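Here are the chains, one letter per residue:
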Amino acid sequence: ATELNLVFLANEDDQEYDAALVFKNFVEARTGGEVTVNIFVGAQLCGSANECFESMRAGVVNMYTATAGGASAIYPAVQGMDIPYALSSDRVAQLTLQDQEFTNFMRRQILDSSNNDIMLLAMTQTGGWRNFATRDKPIHTPDDVAGVRFRTIESEIQQRLVRSMGGSPTPIPWLEVYTALQTGVVDGTKNSISDIANMNFQEQLNYITLDGHAYMASMWFIDNATFRSLTPEQQQVVLDGGALMSTIQFGIQPRKELDAYAKWLEAGNEIIAPTEEAMEQFRSHAEPIREWYLERFGDAGQEFLEAFEAAVARSEEIVESDRASAMQ
Amino acid sequence: MDALIRFMDVVNRTTTRIAGYLATGLLFAMLGVVIVHVFYRYVLNDSFGWTEELSRTMMVWMAFLYFPTAHRYGMNVSLDIFIAAIQDHPIMRYFGLLIELAVFVMLCGAIWLGWGLMSRASSSFTLALQLPLGYVYAIMPVGFALVALVSFERLLRLVANIFYPGRYKVNVFGSSTAAGG
Amino acid sequence: MAFLYIWIFLGLLIIGTPIVFVMLLAPGLTLIIEDNTRFLNLLVQRLFAGMDSFPLMALPFFILAGELMTAGGVTSRIVKFAETFVAHRKAGLGQVSVSSSIMLAGGSGSAVADASALGGVMIPGMHQAGYTKSFSAAITAASAVLASIIPPSGLMILYAFIMNVSVAAMFAASIIPGLIIGFGLMVVVAVVARFRSFPDPAPRADWSETWKTGKSAFLPLLTPIILIGGIVGGIFTPTEGAAVAAFYALILGVFITREISLPQLFEVFSKAALKSAIILLLVGAAVSFASLVSLKGTPQLVSGFILNITTDPLMLFLVVVLFLLAIGTIMDAGPAILILAPILAPVLIGVGIHPIHFAVVMCITLIIGLITPPLGLVLFVVSGISGERIERISWDLIPYFLFEVAVVVALVLFPELVMWLPRQLGYV
Ligand code: NA
Ligand code: NA
């Protein structure tokens, strides 16, 4: 029998937990208990993307899920997924991240850049869209960002976006963000509504602007050695289970957001939907970042963006053709 | 034996001193980085994206670099109230030797594991500075190796003390008055 | 065999193996015996990751700030200032010791460091003025614990780090308990003074003396104000505040009091780096150890065991406090927090105790252990400075110790003493 230690750094309220439970049940049932899954919630076995990937290489952790930012530890060019406003809607995002050609491309890249240690199981999302959320100053247009200190993670793209709009990006460790918002070390944060509600930031924030500058893509990985050690039948089951996890996370997100938005409104906070005109302005800040990205990541970046943007185009086409067939 | 112990003494005195200087320099640097960071953010309303990562890494390096000094001078905290009464009993010489042997073997294992970790991480990068993670982890095999050298010398002294009791100075057990508070 | 690692752990601990090695050897040996060697990688990895944290960096910075203040002559300035207020009372120098501790505590994060800094100034002075060595040592020890209770506190940072709770909330929650213990100690000293004979108090200082000593203590006394003001005012996070406090102490010592020369400055940094390294390695090893603890499902087993004794939250809390007092007699507070918090906290949070409430009570209980024999670091320090035997100091410590235990019981019974301030500040 093979044991798979599955790790995710969120907690039992997060959608990863639902996905993991379904995966465990699916795999254990379909392999007749030959493959068992142990779920480790939070930082019991490893505490950061880098550490978890190293634990996968050591064979201690067998499955792990990371955002694009986390995955950039093994495949730096994947940060291109965080180029602002690259994805236009939930529907396009889901189709893109489940696009087969793009998934194949990503799987190959990640195997290559990790010396065949780590394999991509499936891509999905964790938490929906990153938006601008502020304490004192409502953000209606990019100009409003000027002079505002936004908490960001230590990722260059996130910081460039804020800086490009004239704001001041400030990296703060996740656990210190609440206090930093409360005391005014930062004036705002760029997070999904789910993360905001999970951490009770709505108590300190007043405005959220639904500009959707980044989609929080995430990926499930498995350590390649363990995967190869499975029988072909078991490998199939694990792959199908991975696809199932992806779908579950896409599906649960909108449901979880309902509660998060309810919490937001209960706190007496405002939701700002930018006008189409304002969105044009927001999106105009993406191009320089894209150029910077291409310069920074060279051929690898070029290759990634080609694959990614082709997948986005295919997805948009699917959405269009679906709409057209119904609305003709 | 005497010559070997003297040799190890020189080696360890030199390495712990140099490592200690480096660790002290890192504390200076950490303070500088964080102060400049606060100044930039608050006064100039601007931030660097990499100060947190850099200062964290420096802190871990600082700890590993002072690890050999802490072990050499018996400064690691231990619970010694149970053995305090029999500390001078001859049997404690064997106990001390046994503990040090376990520690030495563990350190050798740790060098090997740390080396493996470093090599595996060589294809990964840190998030902010995009440093090869292998460099960051390099402190593990290096730090463990320096502590192992210290441990080896203590081992020699403890063995020598079994044949010539009291000949060599060595803090068998850790200190009860170092950390905490 | 599920508890094999605990037996190895206890065995190594009792024969005096340094705790940092115990926490690596016990899980290491267990994994080897169980032929589960690939998990050994986990131990080394977690050792590194356990130290690799920005919030944890407050620890070396506060240690540095404390070392810089001691070297910069801050202690004696504050003591002289305190003398002008309370030295004329009965057992006046005892009152000076307590009030200096309260003032010093706002800038220092370590009871052990404060005991040596304050003891170095107060104990010889009190002895000269005719106080017994054991009383001088006892009152210094009893009040030095305030440094670890009143924020900033290295031990609270350790707890916050290992248990993922907010440092700011813990700091806010421990201000009122710290002040209760501080001012309460002054009352206890006054009561003790009624029953025992003490040297004649000094004449009441006039205001010009207060003004003069106050001026020289003014800048050091600003440290807690800068720290708290900076954190609450949104200028910096708690970790950055620690760096600012250290930087401020550096400026004070090198440029204002000018008591730190450049070679001394190097010495101070070196000492702070070494002390920090020892604690950080302990933290890393504890995180390694904790990974095996959770792989083995130990917290569930322990909570089952404890809940067998009682499920009444109040009784449970008091039982745990009693247990921690017992642990505190033989074990240093730092390792005790690192090892026991992950096991005990989930049980009490599970029966409805607020995480911050438990955090503060657990820390204060273990901090009181610093003055209890047989192993009490603060007790050792004052014994070393005064040259008085541990037993005699302990005897003199009894009223202050009992008072501090009574405060802990009060904190358990009246959670608002802990929770009110952080709630007012919006931290919980
Ligand atoms: Na303090
Ligand atoms: Na004690």
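Thresholds, definitions, all that
- Residues numbered from 1 in each chain as written.
- Chains lettered and ligands numbered in written order.
- Predicted model: local features only at pLDDT ≥ 70, side-chain atom pairs only at ≥ 80, totals over all residues.
- Heavy atoms only, no water.
- UniProt positions renumbered as here; feature names shortened; annotations may be inferred.
- Helix = DSSP H or I, 4+ residues; strand = E, 2+ residues; numbered from the N terminus.
- Expected span 1.5 Å × (residues − 1).
- Buried < 20%, exposed > 50% of the residue type's maximum accessible area, 1.4 Å probe, protein only.
- Contact = heavy atoms within 4.5 Å.
- Polar contact = N/O pair within 3.5 Å; in protein donor to acceptor, adjacent residues only side chain to side chain.
- Buried area = accessible area lost by both parts, 1.4 Å probe.
- Salt bridge = Lys/Arg side-chain N within 4 Å of Asp/Glu carboxyl O.
- Nonpolar A, V, L, I, M, F, W, Y, C, P; charged D, E, K, R; others polar.
- Patch = residues over 30% accessible without salt bridge, like charges linked within 9 Å, V, L, I, M, F, W, Y side chains within 5 Å.
- Areas by Shrake-Rupley, 256 points an atom, 1.4 Å probe, with all protein chains shown as cover.

Under an unreviewed UniProt entry, chain C has the name TRAP transporter large permease protein and belongs to Roseinatronobacter bogoriensis subsp. barguzinensis. Under the Function (unreviewed entry) heading, UniProt states for chain C: "Part of the tripartite ATP-independent periplasmic (TRAP) transport system."

An unreviewed UniProt entry annotates chain B as TRAP transporter small permease protein of Roseinatronobacter bogoriensis subsp. barguzinensis. The Sequence similarities (unreviewed entry) field of the UniProt record for chain B holds the comment "Belongs to the TRAP transporter small permease family." Per UniProt, chain B carries the Function (unreviewed entry) text "Part of the tripartite ATP-independent periplasmic (TRAP) transport system."

Chemist: Mind laying out helix α5 (residues 100-113) of chain A, listing which residues take part and the relevant values?
Modeler: Residues and elements named next belong to chain A. Between its first and last C-alpha, α5 extends 20 Å over 14 residues, near the 20 Å set by a 1.5 Å rise per residue. Three or more residues of α5 are buried, namely Phe102, Thr103, Phe105, Met106, Gln109, Ile110 and Leu111. Where the residues of α5 are buried, they touch α4 (90-97), β4 (118-134), β8 (207-223), α9 (224-229) and α12 (286-327). For α5, the N-terminal capping position is held by Asp99, with its side-chain oxygen 3.1 Å away from the main-chain nitrogen of Glu101. Looking one or two places after α5, you find Asn115, whose phi comes out positive at around 55°.

Chemist: Requested: an account of the interface of chain B and chain A, with residues and values cited.
Modeler: For an interface, size is often stated in terms of accessible area lost upon the parts coming together. Taken together, the contact pairs 24 residues of chain B with 27 residues of chain A. At the boundary of chain B with chain A, total buried surface from both sides reaches about 2000 Å², with 42% on carbon and sulfur atoms. Among the residues chain B hides against chain A, the three largest losses belong to Arg41, Arg120 and Leu127 of chain B. Together they make up 27% of the total. Counting every contact that joins chain B to chain A gives 0 salt bridges. Looking at the side of chain B that touches chain A, the elements that each hand over two or more residues are α1 (2-42), α2 (51-72), α3 (91-120) and α4 (133-137) of chain B. Tallied by class, residues from the side of chain B that touches chain A come to 9 nonpolar, 9 polar and 6 charged.

Chemist: Kindly report on a nonpolar patch on the surface, identifying the contributing residues and their values.
Modeler: Together, Phe82 of chain B together with Phe3, Trp7, Leu10, Ile14 and Leu301 of chain C make up a nonpolar patch on the protein surface, roughly 580 Å² of accessible area in all. Counting residues per element, the nonpolar patch draws most heavily on helix α1 (residues 4-14) of chain C, which supplies 3 residues. Looking at the secondary structure, you find Leu10 of chain C in helix α1.

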